[in-house]
Amino acid sequence: MRYTTLSFMLLMPVLPCIHAFAQNKPAATEIVQKSQEAFYYSGNDMKSNVTMELITADGKKRTRVLTMLRRNDPGTANQKYFLYFHEPGDVRRMAFLVWKYPEKDDDRWIFIPAVNMVRRVAAKDSRSSFVGSDFTYEDISGRDVPADTHTLLREERLGDADCYVIQSVPKAATEYTKKLAWIDKKTFLPLKEEYYDAQNQLARLFTADKIENVAGQGGKKSYQTATKRTMKNVKSGHRTDVTITRVAYDIGLDDGIFSERSLQNPPQQWIK
Amino acid sequence: MLDRSIKRLTNFSVTHPWWVIGLTVVATVAFAAQFPKITIDTDPKHMLPVTSPVRQYNDQVEREFALHADVIALGIVNKQGIVNRTTLSRIAELTREIQKMPGVIARDVMSFTTIDNVTAQGSDLAVRPVLERIPESAADLEALRRTLLENPLFINRIVSPDGTATAIYVPIEPTANGKLIADEIRKLLPPDPGDDQYLLAGDPIARDTFGAEMFRQMGLFSPIAGLVMCIALWLMFRSVPMVVANMSVALVSIIWSMGLLIGLRYPVHIMSSMSPVFLMAIATDSVHIFNEFAFRFGEMRDKRRALLDTMATVGKPIFYSDVATAVGFASLATATIVPVKIFGLVVGFGTLVILLMSFTLVPAILILIREERIPKAARSLDESHATHPSSLARLGEVCVRRAGMIALIGGAFFLVAGIGLSRIRVNNNMVHWFKTESAVRTADRIMNERLGGTSTAYLVSQSENEDAMKDPVMLRGIEGLQRELEKDPRVGKTFSVVDYVRRINRVLHNDDPAFERIPDSAEEVGQYLFLFGTSARPSDLDNVVDYPFQKANLLLQLKSWDAGVMRDVIGRTEAYLAAHPLPGGAKVRPAGVAYFNLVWSDEVLWGMLESFLAGLVLVLILLVVQTRSLFWGILTFLPLLFTIALIYGVVGLVGKDFDMPVAVLSTLSLGMAIDFAIHFVGRFQQRYREHPNLREALVWTVARPGKGIFFNAILFALGFAVMVFADLTPYITVGVFMVAIMLLSALMSVIYLPGLIHLFHRVLLKGKLL
């Protein structure tokens, strides 16, 4: 595990080079690694406002509005997330802190303002729903690349984009048995993902519905960002629409923000 | 007019028998050609139309709370305790394999490996599957056992309070067949279970097993019943053509009516699947023709004359008795339940086919019997003449002489029957359609002994306002209702959002039991539920509260499928809420399969009971029209009334439920029990017109048509007696009832009618000739 993480980190600086000889059909695992990099690791840090609409099959809605702060741990594939809730009203001021490790379950803390209490939560990322949505924690922060066997099935067009179609089969039993991902050859963002269940039927469907190019602070780099995403539970008809606004990269978030302390005293500067 | 039409029809049939037979065969082939289009529907729920409020509300509740209508429960019992490595591994393996099965809603299969447990680990909050990996050490096993038994959310739901039983709940798609999935699950079970016992229960299994069995048993017992009737018929008349004639009539009516049903694209439902047996029974009516024909031929030795005379004599009673039967069944068309309506019309149509055949096919076949073979038939009746008719004649004598006494005894019976009738309980319990020792019923019983119960109900609290279900006052109200309902020992488990809130409150406070209560502010409740919704599977929360937190679902597990349990639950709920109303005028409405059964029971069964009463009135009117006399009409009606009163009196006295099979039978009894009285009265009136001697005419009627009546009754009873050996209790009920209906109505007609006619001859005969 350690080795794979390390190799992933070593790979990161050479990613542009790989991009250069992309014609030579990169291996499936490389594509997945680049896709993860593009989807989860853009910039050194990131701040965004996330609106999640949880919609039932017959159209009933619940809305969650939160600010998400993310910082990549320099030198490793670890990340830290700080989530601060604005809506629904009765959970305002609730906050989550997630320390993400690709190769094991995240560390999570939660602040419950009504009882002014911080609790660490131990849970399985692959099966716990992210704030009641159709996304799991794993979907939000990424899955360990070597945990699956990746195969490049074919290359095909999806809408306007040329895509790799990658099949990922988990090595150990998890909530799905197979994932098909359509990865944009240019941006390496996953445009569509199909999750199959134990009966080998399509169970969940992810789509990136809108991609925007967001310039990083300082204007040196820019990042392709999926600002509208949907995850649909095909079996139950439930779906989650995500809209991401006010995205900013490389804003210089301090590691101290991602601590238990800020759960109770959130960094006002960033969460407004 | 009627006489003339009958005469013309039989004349034609006797003159052109091959034409009649040929035409019948052609028509029958045409109807039989529809059979391959058959579709089958065994779900009793479909007996209420999709538009019925209870179905619509049920569907709505299931949608709003992400619930599934059909859930199979695989119970696992180990008297030494289910928390051991072998059993736990099997549970994990079974869950995994069951989730792979097509038709299973994999994401909502509930077992130790899929259900999350929220616990406090030190100051941490742990949300983990109850069984993530099989514990290695005895200490770990004991820890798991403790975790299970400590969590009130699990007790009686996925673990028994003593740790000896668990269940895997398997929701299936609405289109899936519960029996087929149960069969697949059975294949997964360990061949050598050791101390484990595996039990399959749940509504879809009972329903679909019944559906499958029903066709099997019908396929097995209709031919056996037919065969027994053939043999009995042959013993009575010693004539193969007569047996052929009778069976052809039955077959033709079955093929025509089922062909029509299938051709019109109606699915064959539990009820209409019984039509063949019913039609076979009704077709025995032609025995009256055989009986009279044998007598007549013996007297005049002229085949054609004997046949035409026979038809002229018995034609009218046959016409009226068949029409009465048809009316009895068609009265079901007044029911609101579509399959009941269709069943009534199908059997009504089949009865009319039998009527048509009685005047066409039967005479056509009889005229083809070679003369030298008929005397045999006549002689075989003559031989028994020495014993039977005379004993029947003696019976007639006694009935006339002791009329008062017999009437008195009848009155006494009536009184007892009345007591029984007042005790009749309308109830439908599908599990009781299986025998006590059957797998389905055993599984249901054992699981109800150990876990919360195999039947489910929902009580949905609904407020005017969003977020009302976060209000601690509301939650306390629901909690109070839960505690109240749990006082009923048949309510094995209650479960609501309250239980989650209490659990999270306790776990957040370092597992301090003092915090296992509803917190004081709505904000706290809201945040706890949010926390729960973000760590576990969202559907767990969805099952108990709707999206705007305007409705809460209280889930009940009931230990019995009796409709009465749900009726009591509703009664208790109403009483409790009257004394402790929920805040903001929130209302509570029931739903779920148990409630559905209750409504079904009430609507379908009471509906059938009403149509049955309507049928009674229709038949009475028909009788008055036929006899052109109010008194004769009522008199003819009495044996029917008496038979029905006695049968249902006994049903009430022995405490058998008035359930769907019994309800179907009530309509049958209506059509069947009237036949004999119509024959008796019709034939008596004819005889009295020809020989106006009251006593002689009565004794003659008992002796001669009475014989046909008894033959018919015995034939019928024998045919259906074999059903007592069926595996499904409704068929046993059908068998016993048929026998009882036939014998009783025959006895009533032959014993009571002469007595009553004699007693009331002054009113009935009034000096005028009929």
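Residues numbered from 1 in each chain as written. Chains lettered and ligands numbered in written order. Predicted model: local features only at pLDDT ≥ 70, side-chain atom pairs only at ≥ 80, totals over all residues. Heavy atoms only, no water.

Moving on, we get to the overall build of chain A. Looking only at helices and strands, one finds 6 helices and 13 strands in chain A. Scaling as 2.2 N^0.38, a compact globule of 272 residues should have a C-alpha radius of gyration of about 19 Å, and chain A matches this with 18 Å. Along the three orthogonal principal directions, the C-alpha set of chain A runs to about 55 × 45 × 35 Å. In chain A, which comprises 272 residues, the share counted as buried stands at 58%. Across chain A, the fraction of contacts at a sequence separation of at least 24, relative to all contacts at a separation of at least 6, is 47%. Just so you have it, chain A exposes about 11,700 Å², and 50% of that area is on carbon and sulfur atoms. For chain A, the distance from the average position of its 41 positive side-chain charges to the average position of its 34 negative side-chain charges is 2 Å. (Helix = DSSP H or I, 4+ residues; strand = E, 2+ residues; numbered from the N terminus. Rg over C-alpha atoms; globule rule 2.2 N^0.38 Å. Buried < 20%, exposed > 50% of the residue type's maximum accessible area, 1.4 Å probe, protein only. Contact = heavy atoms within 4.5 Å. Areas by Shrake-Rupley, 256 points an atom, 1.4 Å probe, with all protein chains shown as cover. Lys, Arg positive; Asp, Glu negative; His and termini not counted. Charge placed at Lys NZ, Arg CZ, Asp CG, Glu CD.)

This paragraph deals with helix α11 (residues 303-330) of chain B. Where α11 of chain B bends most, the angle comes to about 45°, and this point is valine 314 of chain B, followed within four residues by the proline proline 317 of chain B. Structurally, the start of α11 of chain B carries an N-cap: the backbone nitrogen of arginine 304 of chain B is 3.1 Å from a side-chain oxygen of aspartate 302 of chain B. (Bend = angle between axes of the 7 residues up to and from the residue. Polar contact = N/O pair within 3.5 Å; in protein donor to acceptor, adjacent residues only side chain to side chain.)

A side chain with one charge can pair with a side chain of the opposite charge if their charged atoms come near. Residue and element names in this part refer to chain B. Under the defined criterion, the tally for this structure stands at 50 salt bridges over all chains. The salt bridge involving arginine 502 is made with glutamate 516; its shortest N-O contact spans 3.5 Å. Residue arginine 502 is located in helix α19 (residues 497-508), and its partner glutamate 516 is located in the loop between α19 and α20 (522-535); the two are separated by 14 residues in the primary sequence. For the pair shown, arginine 502 and glutamate 516 are each scored as buried. Look at the salt bridges and you will find they share partners, linking Glu479, Arg502, Arg506, Asp511 and Glu516 into a network. (Salt bridge = Lys/Arg side-chain N within 4 Å of Asp/Glu carboxyl O.)

Aromatic ring pairs: the centre-centre distance and the angle between the two ring planes describe each pair. A full pass over the atoms with the stated rule returns 25 aromatic pairs over all chains. Measuring from ring centre to ring centre gives 4.6 Å for tyrosine 223 of chain A and tyrosine 249 of chain A, while their planes differ by 45°; the resulting arrangement is tilted. In this pair, tyrosine 223 of chain A is assigned in strand β12 (residues 222-233) and tyrosine 249 of chain A in strand β13 (residues 239-249), connecting sequence segments 26 residues apart. Assessed through its relative accessible area of 10%, tyrosine 223 of chain A is described here as buried. Every member of this aromatic cluster is reached through a ring pair, and the members are Phe39, Tyr40, Phe135 and Phe206 of chain A. For arginine 62 of chain A, the ring lying beneath its charged end belongs to tyrosine 547 of chain B, and the centroid distance is 4.0 Å. (Phe/Tyr/Trp six-rings, centres within 6.5 Å; stacked < 30°, edge-to-face > 60°. Lys NZ or Arg CZ within 6 Å of the ring centre and 35° of its normal.)

In summary, the side chains of a regular strand alternate between the two faces of the sheet. Residues and elements named next belong to chain A. Where burial is concerned, most of strand β8 (residues 161-170) is hidden: 8 out of the 10 residues are buried. Inspection of the sheet shows strand β7 (residues 148-158) paired to β8 by 10 bridges, in the antiparallel sense. Looking at β8, one finds that leucine 152 is bridged to isoleucine 166. Linkage of β7 to β8, two consecutive antiparallel strands, is achieved through a turn of 2 residues, within which glycine 159 is found at a positive phi near 65°. Of the pairings in the sheet, the one linking β8 to strand β9 (residues 178-184) comprises 6 bridges and is antiparallel in character. Bridge assignment links isoleucine 166 to a residue of β9, and that residue is alanine 181. (Pairing = 2+ DSSP bridges.)

This part covers the interface of chain B and chain A. Taken residue by residue, the interface counts 44 residues in chain B and 41 residues in chain A. Summing the contributions of chain B and of chain A, the shared interface buries around 3,400 Å²; its carbon and sulfur component is 53%. Inspection of the region where chain B meets chain A yields 5 salt bridges. Among the salt bridges present, the one from arginine 120 of chain A reaches aspartate 124 of chain B, with a minimum N-O distance of 2.9 Å. If you list the elements that add at least two residues to the side of chain B that touches chain A, you get α3 (53-64), α4 (85-100), β4 (124-129), α20 and α21 (538-542) of chain B. Looking at the side of chain B that touches chain A element by element, the count peaks at 10 residues for α20 of chain B. Class assignment for the residues of the side of chain B that touches chain A results in 19 nonpolar, 12 polar and 13 charged. (Buried area = accessible area lost by both parts, 1.4 Å probe. Nonpolar A, V, L, I, M, F, W, Y, C, P; charged D, E, K, R; others polar.)

It is worth spelling out the sheet that holds strand β6 (residues 196-201) of chain B at this point. Residue and element names in this part refer to chain B. Spatial strand order, β5-β2-β6: 3 strands in an open sheet with antiparallel pairing. The sheet terminates laterally at β5 (165-172) and β6, the two strands that pair on one side only. For this sheet, the mean inter-axis angle between neighbouring strands, taken without regard to orientation, is 20°. Where strand β2 (residues 70-78) and β5 come together, 8 bridges link them in antiparallel fashion. Opposite alanine 73, over in β5, you have tyrosine 169 as the bridge partner. In the packing of helix α6 (residues 178-188) onto the sheet, contacts are made with β2, β5 and β6, and the angle to β2 comes to roughly 30°. (Axes fitted to C-alpha atoms, helices over the stretch in contact; angles between N-to-C directions.)

Bringing the domain arrangement of chain B into the picture now. According to the domain assignment, chain B contains domain 1 (1-33 + 238-384), domain 2 (68-202), domain 3 (387-422 + 629-770) and domain 4 (441-590). In this structure, domain 2 of chain B and domain 3 of chain B have C-alpha centres spaced 57 Å apart. (Domains from an automatic or database assignment.)

Our next topic: helix α12 (residues 338-359) of chain B. Under the 1.5 Å per step criterion, the end-to-end length of α12 of chain B is 32 Å for 22 residues, consistent within 8% with the ideal 32 Å. Within α12 of chain B, 16 of the 22 residues are buried, which leaves it mostly tucked inside the rest of the structure. (Expected span 1.5 Å × (residues − 1).)

What follows deals with the sheet that holds strand β10 (residues 551-558) of chain B. All names here are of chain B. Taking strand neighbours across the sheet as the criterion, the 4 strands line up as β9-β10-β8-β11 in an open arrangement whose pairing is antiparallel. Strands at the two margins of the open sheet, each flanked by one partner only, are β9 (491-495) and β11 (587-591). For this sheet, the mean angle separating the axes of adjacent strands, direction not counted, is 20°. As paired strands, strand β8 (residues 455-462) and β10 are joined by 8 bridges and run antiparallel to one another. Paired with glutamine 462 across the two strands is lysine 551, which belongs to β10.

Residue and element names in this part refer to chain A. For chain A, per-residue confidence averages 83 on the pLDDT scale, and 90% of positions sit at 70 or higher. Low confidence marks residues 1-7, where pLDDT is under 50. Its contacts with residues over four positions away, or in another chain, come to 6 contacts. Within the model, pLDDT remains below 50 along residues 9-24, and this stretch shows 15 contacts once partners closer than five positions in the same chain are excluded. (pLDDT = per-residue confidence, 0-100.)

The bulk of non-glycine residues show a negative phi, and the bulk of peptide bonds are trans. Along the chain, glutamate 87 of chain A connects to proline 88 of chain A via a cis peptide bond; the corresponding omega equals 0°. Its location among the elements puts proline 88 of chain A in the loop between β3 (79-87) and β4 (95-101). Here arginine 628 of chain B, not a glycine, exhibits a phi torsion of approximately 50°, which is positive. When you line up the elements, arginine 628 of chain B lands in the loop between α23 (593-627) and α24 (630-654).

Right, let's get into the side chain of histidine 150 of chain A. Residue and element names in this part refer to chain A. As for its placement among the helices and strands, histidine 150 is situated in strand β7. The exposure class of histidine 150 is buried, given its relative accessible area of 12%. Within polar-contact distance, the side chain of histidine 150 engages the backbone oxygen of valine 145 at 2.8 Å. Side-chain polar atoms of histidine 150 contact the side chain of serine 168, separated by 2.8 Å.

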